Amino acid sequence: MKEGRDGHLDEREILQAFLGEGDLPAESKDHLAACPLCRREKERLENALASLQQKASLFTPGPSRPVTLERKRRAFPAGLPPLRAALGGAVLAAVAIFLLWGRDSDILFRNGGGTAFPETDPLMTEVALLVENPLPPVVMDMVAEEKVPGDEDFFHFVAPLPEEEPGTDTRMKGEIPWKENYC
Amino acid sequence: MAPNRQPEPAPRPGGGHETADLVLEARQGGQGAFVRLAEMYREEIYRMVYYRTRSPMDAEDLTQDIFLRAFERIGGLRDGDAFRSWLFRIAVNRVTDFQRQKRVLSWLGLAPRKREDEALPEGTAEPEAPLYLEKKEFWENFQKFVKRLSPMEREVFILRFLDHLDIAAIARVLGKKDSTVKTHLYRGLEKFRREEAFMEFGAFQATRAGESITKQGTEEEKP
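The structure presented is a predicted model; accordingly, all values stated were derived computationally and were not measured.

**Things to note about the overall build of chain A**
- Within chain A one finds 8 helices and 0 strands.
- When the helices and strands of chain A are read in sequence order from the N terminus, they spell out α-α-α-α-α-α-α-α.
- Accessible area of chain A: about 14,000 Å², with a carbon and sulfur share of 61%.

**Concerning the overall build of chain B**
- Secondary structure assignment for chain B yields 10 helices and 0 strands.
- Counting from the amino terminus, chain B carries its helices and strands in the arrangement α-α-α-α-α-α-α-α-α-α.
- Looking at the 223 residues of chain B, the share that counts as buried comes to 44%.
- For chain B, contacts bridging at least 24 residues in sequence account for 63% of all contacts bridging at least 6.
- Surface accessibility of chain B: about 12,400 Å² in total, with carbon and sulfur atoms responsible for 51%.

**Remarks on the nonpolar core**
- With 66 residues, the main nonpolar core has A:Leu49, B:Leu37, B:Phe83, B:Phe157 and B:Leu189 as its most contacted residues.
- Residues A:Ile14, A:Leu24, A:Leu32 and A:Cys35 belong to the second largest nonpolar core, which totals 7 residues.

**Let's talk about the packing of aromatic side chains**
All names here are of chain B.
- Evaluation of the coordinates by the stated rule reveals 15 aromatic pairs over all chains.
- Taking the centre distance of 5.9 Å and the plane angle of 75 degrees together, the rings of Tyr 50 and Trp 139 count as edge-to-face. Placement of the pair is Tyr 50 in helix H2 (residues 31–53) and Trp 139 in helix H5 (residues 128–147), with a sequence separation of 89 residues.
- Overall, the relative accessible area of 6% leaves Trp 139 in the buried class.
- Aromatic pair Phe 83 and Trp 86: ring centres 5.8 Å apart, planes at 40 degrees, arrangement tilted.

**A word on the confidence of the model for chain A**
All names here are of chain A.
- With 59% of its residues at a pLDDT of at least 70, chain A reaches an overall mean of 72.
- By mean pLDDT, the top-scoring element of chain A is helix H3 (residues 36–58) (89), and the lowest-scoring one is helix H8 (residues 177–182) (49).
- Per-residue pLDDT stays below 50 along residues 170–174; that stretch engages in 5 contacts with residues further than four places along the chain or on separate chains.

**Regarding unusual backbone geometry**
Residue and element names in this part refer to chain B.
- Residue Arg 54 is not a glycine yet carries a positive backbone phi of 55 degrees.
- By the secondary structure assignment, Arg 54 is in the loop between H2 and helix H3 (56–73).
- The phi torsion at His 164 lies on the positive side, around 65 degrees, for a residue other than glycine.
- Here His 164 shows up in the loop between helix H6 (151–161) and helix H7 (167–174).

**Structural notes on the pattern of salt bridges**
- Under the counting rule described, the total for this entry stands at 17 salt bridges over all chains.
- Residues B:Arg193 and A:Glu41 are paired through a salt bridge, measuring 3.0 Å at the closest nitrogen-oxygen approach. Here the residue B:Arg193 occupies a position in helix H8 (residues 178–194), and A:Glu41 occupies one in helix H3, the pair thus bridging two chains. Note on accessibility: B:Arg193 and A:Glu41 belong to one class, buried.
- B:Arg47 is the salt-bridge partner of B:Glu43, the closest N and O atoms lying 3.6 Å from each other. Remark: B:Arg47 and B:Glu43 occur in helix H2; sequence separation between them is 4 residues, near one turn of the helix.
- Classification of B:Glu43 as partly exposed rests on a relative accessible area of 41%.
- A relative accessible area of 18% means that B:Arg47 is categorised as buried.
- Through salt bridges that share partners, A:Glu11, A:Glu41, A:Arg44 and B:Arg193 make up one connected network.

**Things to note about the packing of H3(B) against helix H4 (residues 83–107) of chain B**
Residue and element names in this part refer to chain B.
- The contact between H3 and H4 brings their axes to 9 Å, and the two run at 130 degrees. Between H3 and H4, the interaxial angle falls into the category oblique. Both H3 and H4 take part in a crossing whose hand is right-handed. Listed contacts from H4 to Asp 58, Leu 62, Asp 65, Ile 66, Phe 67, Arg 69, Ala 70 and Arg 73 of H3 are Trp 86, Leu 87, Ile 90, Ala 91, Arg 94, Asp 97, Phe 98 and Lys 102.

**Topic: the confidence of the model for chain B**
Residues and elements named next belong to chain B.
- Of the residues in chain B, 72% have a pLDDT of 70 or more, and the chain-wide mean is 79.
- Element-level pLDDT for chain B is lowest in helix H10 (residues 208–221), with a mean of 39, against a maximum mean of 95 in H6.
- Confidence drops under a pLDDT of 50 for residues 1–11, and excluding neighbours within four residues, the segment shows 27 contacts in the predicted structure.

Conventions adopted
- Residues numbered from 1 in each chain as written.
- Chains lettered and ligands numbered in written order.
- Predicted model: local features only at pLDDT ≥ 70, side-chain atom pairs only at ≥ 80, totals over all residues.
- Heavy atoms only, no water.
- Helix = DSSP H or I, 4+ residues; strand = E, 2+ residues; numbered from the N terminus.
- Areas by Shrake-Rupley, 256 points an atom, 1.4 Å probe, with all protein chains shown as cover.
- Buried < 20%, exposed > 50% of the residue type's maximum accessible area, 1.4 Å probe, protein only.
- Contact = heavy atoms within 4.5 Å.
- Core = buried A, V, L, I, M, F, W, Y, C linked by side-chain atoms within 4.5 Å.
- Phe/Tyr/Trp six-rings, centres within 6.5 Å; stacked < 30°, edge-to-face > 60°.
- pLDDT = per-residue confidence, 0-100.
- Salt bridge = Lys/Arg side-chain N within 4 Å of Asp/Glu carboxyl O.
- Axes fitted to C-alpha atoms, helices over the stretch in contact; angles between N-to-C directions.
- Parallel < 35°, antiparallel > 145°, perpendicular 65-115°, else oblique.
- Left-handed = near helix turned anticlockwise from the far one by under 90°.

Structure (structure tokens):
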């Protein structure tokens, strides 16, 4: 037993006594049995709790409907949107978008619909320009990519064919065997 | 006043034996037996829900739902004598789910408008107005008090002092040890003693309304 309150039970012991005197040490139990002051403290707590119970009971309405064993469809409270319907709609919309995306995703982005990779657009435009508009003819000529008509003599002059030598292949003489057969 | 005025468990409407027999019958598919059980415990469960929601409409809906759940699961109840704690366990879980749902809806901004069923109805007779105000004040004070308790302290406190369950039954309902329940109850009581609520409820007996309650309490105790 605590000695903090002139030998009386302290708050902890009063609470213990209230919850069950069995948990109190024998000395405290004896004191409680003999001391009217400690008993009054315990009774104050009991009264307060009894009052709480009585008020709670008085200020609680009774049920008005009997219990039935049929599950009723619960109406949505006023002001609350039909949550299930909203969720169902959202799921349907998500499925529709997924299907459209999976099947015709290229349609969405073809011709004016934008591209899937907008960051490569400038590069592809440049490549297309190069394919459609090759280098001017003069430049192509310089790099020998394009033959200009009537230049055979010029080439022959710049790089003549080797002279005919005995025992050399006919091809070396400038005769073209397949030319005879096919021309 | 009697030296030990701890709350006694609420009297069982039909007695323990009757409950156990009805549970046995209901387990074998007897719908009538379950309806009888529901009649016996309906008010107790309704009150239990009301103490936690303080909305008569929610209490009605949840009570109905709790009994439906109990009906669906009664096949799994082995001990008929444990029906009351088993039913309270279902009720506590259902109310917890409901409050969680409500919090989520409120967070999403979908919470239903506050019901006005606690408001003083128009045309209420003059003498009833003070009682209404007293009721309002009581629940506001109670709410203030329980907000200071941890969730477990709150549940244990309400189960013990408002629902009248003993410590062993509370332990069964919450799936805790008796010692754990006692610890939470002790902490709850400690806070109760320190609160203004203690003084208010303690002093309540002296008021006029207190006299009427005491009178009613005495009448209720009569068989």
